[in-house]
Protein chains: 2
Amino acid sequence: MNTPTLALDVGGTKLAAALVDTAGRVLRSTRRRTPAVGVWDEVSAMLRDVRGSAPIRGIGISCVGPIDLMAGTVSPVNITEWMRFPLRDRVAALVGDLPVALANDGVCMALGEQRHGARGGSPYLFGVVVSTGVGGGLVAGGRPVLGRSGNAGHVGHVVVEPGGDPCGCGGRGCLETVTSGPHLVRWARQRGWAGDDAAALATSARAGDAVARRAFRRGGLALGRALASVAAVCDVDLIVLGGGVAEAAELLLDPTREALAEHARLEFLRSARVVPASLGSAGGLVGAAALLDA
Amino acid sequence: MNTPTLALDVGGTKLAAALVDTAGRVLRSTRRRTPAVGVWDEVSAMLRDVRGSAPIRGIGISCVGPIDLMAGTVSPVNITEWMRFPLRDRVAALVGDLPVALANDGVCMALGEQRHGARGGSPYLFGVVVSTGVGGGLVAGGRPVLGRSGNAGHVGHVVVEPGGDPCGCGGRGCLETVTSGPHLVRWARQRGWAGDDAAALATSARAGDAVARRAFRRGGLALGRALASVAAVCDVDLIVLGGGVAEAAELLLDPTREALAEHARLEFLRSARVVPASLGSAGGLVGAAALLDA
């Protein structure tokens with residue numbers, strides 16, 4: 001009746017596996033840091049451990065992009081040993097004849113929040129993950145929009161600053177060059193702030209440090225502009241903001257809402273709301289499991 | 001077997017109605033300028049004229065946005081007497097029990113090009129219409145993406161210039177404030193060019209006028225940046241450029257391609273191509289008819 005799904009969430013810094021029931025509840029989970037080498041050995045051990053001898057109805061996989069959905073391969077920027085790695089086939093070989101579904105991490109987060117998040121409910125939702133990079137995913141009519149190659153939702157590469165900084169993608173002025181954790185930190189350090197990571201930057205901002213506050217404000221304004229563009233093109237009324245950097249809630253959320261309100265002015269956009277993710281780090285796992293019903 | 005569809009295309013400056021067969025061929029058509037008042041009378045007369053006594057299988061309607069798909073109403077910015085006008089019900093009342101489908105003009109153009117355009121073929125296509133405004137529409141997996149309210153594809157309101165000019169939508173820096181026909185003309189006139197409309201601007205640019213050439217170049221670069229953002233979020237590999245201003249082909253197309261190549265650099269984006277529309281002004285009619293099979 002409620003046979004659980006095995007879910008895998010592959011991120012650039014963290015790996016997670018879980019058993020998730022059809023109501024989106026995480027029954028059992030395990031997490032590790034993503035190792036520099038031997039990622040597949042780690043992943044396969046985690047899947048075996050968390051599954052144990054439980055019956056499962058299939059496996060859902062969330063993986064940081066870019067991915068190639070046709071080939072079932074993944075090429076995460078921050079997992080250098082995985083270049084066109086055949087993740088879907090490798091996982092399928094572990095479980096025999098069961099269904100295996102793969103999508104990028106932004107799509108899984110969006111689907112998890114849409115199906116099981118406290119703020120969800122809208123069938124037209126865009127999910128954004130702000131952490132080491134900036135990713136996202138679109139749900140329309142209650143179904144994930146995967147795109148031609150499985151990479152729809154790459155909001156981190158919306159151009160927010162014409163002639164802006166070079167981006168890891170080879171372009172320039174991408175949202176990711178302004179709002180990702182490492183770029184917030186770099187911008188603040190160039191202006192005299194002395195910390196090391198986005199968590200420390202959030203602590204400084206909350207303590208009133210002017211540079212740290214400006215870093216989050218600049219990042220949120222750019223994010224709001226990008227989301228106004230996304231909302232106009234995708235016609236969604238709910239935007240869910242998650243990821244490690246976004247967990248500095250109001251620091252990023254307030255300027256994001258400010259810029260969205262300034263730019264998203266057509267009548268069909270005025271009802272668009274930005275809310276924090278409610279599933280936290282479980283969102284990717286819950287959404288990966290939901291791929292089997294998508 | 002091949003009973004035609006009655007198609008209606010409502011634009012801010014032109015109205016068109018046609019009988020279109022299931023192969024996307026326009027069998028019979030009529031066009032008028034959009035009158036300042038009495039638009040519905042004109043539209044209903046055109047539908048009656050073009051239909052004659054032919055059997056039809058239904059009606060497809062393309063209308064300039066914004067629209068409200070749930071209510072079946074349209075509120076075109078340039079047709080002031082139509083504010084939440086119940087276009088779908090009015091048309092349905094003309095034809096009795098036949099199916100009636102409505103979508104915004106960008107979606108219809110994209111669907112027409114995808115199903116019947118010479119350059120089409122990709123099931124993941126974004127269509128852009130550059131004329132009095134800038135509109136667009138997304139086809140994914142061969143099907144139109146309508147969005148929550150039927151307004152998905154509003155690429156004219158992608159933010160391309162942070163802090164840019166005020167837009168008719170109430171925002172600022174929208175693509176429409178840079179690349180639409182009236183804005184190209186305004187920008188050029190502010191710099192000493194003396195003509196009146198986008199067609200004259202294209203003639204001047206082809207004759208070597210430096211300001212006119214810069215106007216198209218500026219418009220195309222902004223369009224290319226917006227389309228790089230759209231391609232990243234929607235994961236399409238084909239972008240079709242149509243509308244009156246875009247018919248100045250290479251003037252807009254070359255800088256659009258240049259900016260797209262600069263910004264769309266992730267592997268899944270590198271294959272994205274921009275091509276001119278092949279159906280011309282019939283694209284909206286052909287796409288509207290195709291809504292009945294979408």
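One structure accompanies this document, and this report is about it. (Residues numbered from 1 in each chain as written. Chains lettered and ligands numbered in written order. Predicted model: local features only at pLDDT ≥ 70, side-chain atom pairs only at ≥ 80, totals over all residues. Heavy atoms only, no water.)

Overview of the interface of chain A and chain B
The extent of an interface is frequently quoted as the accessible surface area lost upon association of the parts. Each partner contributes to the interface: chain A provides 39 residues, whereas chain B provides 39 residues. When the two sides are added together, the surface that chain A and chain B hide from each other amounts to roughly 3,600 Å², 61% of it contributed by carbon and sulfur. Taken together, the links from chain A to chain B amount to six salt bridges. With a closest N to O distance of 3.7 Å, Arg172 of chain B and Glu262 of chain A form a salt bridge. Those elements that provide at least two residues to the side of chain A that touches chain B are α7 (210-234) and α8 (249-263) of chain A. For the side of chain A that touches chain B, the leading source of residues is α7 of chain A, giving six residues. Taken together, the residues of the side of chain A that touches chain B break down into 18 nonpolar, twelve polar and nine charged. (Contact = heavy atoms within 4.5 Å. Buried area = accessible area lost by both parts, 1.4 Å probe. Salt bridge = Lys/Arg side-chain N within 4 Å of Asp/Glu carboxyl O. Helix = DSSP H or I, 4+ residues; strand = E, 2+ residues; numbered from the N terminus. Nonpolar A, V, L, I, M, F, W, Y, C, P; charged D, E, K, R; others polar.)

Describing the relation of the copies chain A and chain B
For the pair chain A and chain B, the superposition axis carries a translation of 0.0 Å, the fit reaches an RMSD of 0.0 Å, and the rotation angle comes to 180°. Overall, the copies show the geometry of a two-fold rotation axis. (Least-squares fit on C-alpha atoms with pLDDT ≥ 70 in both.)

Here's the deal with the pattern of salt bridges
Going through the model one piece at a time under the given rule, you end up with 24 salt bridges over all chains. Among the ionic pairs, Arg148 of chain B bridges to Asp237 of chain A, the shortest N-O distance being 3.6 Å. With Arg148 of chain B in the loop between β10 (143-145) and α4 (176-179) and Asp237 of chain A in the loop between α7 and β11 (238-242), this residue pair bridges two chains. On the basis of relative accessible area, Asp237 of chain A is assigned to the buried category, the value being 19%. In the salt-bridge network here, residues are joined through shared partners; they are Arg32, Glu42 and Asp49 of chain A. (Buried < 20%, exposed > 50% of the residue type's maximum accessible area, 1.4 Å probe, protein only.)

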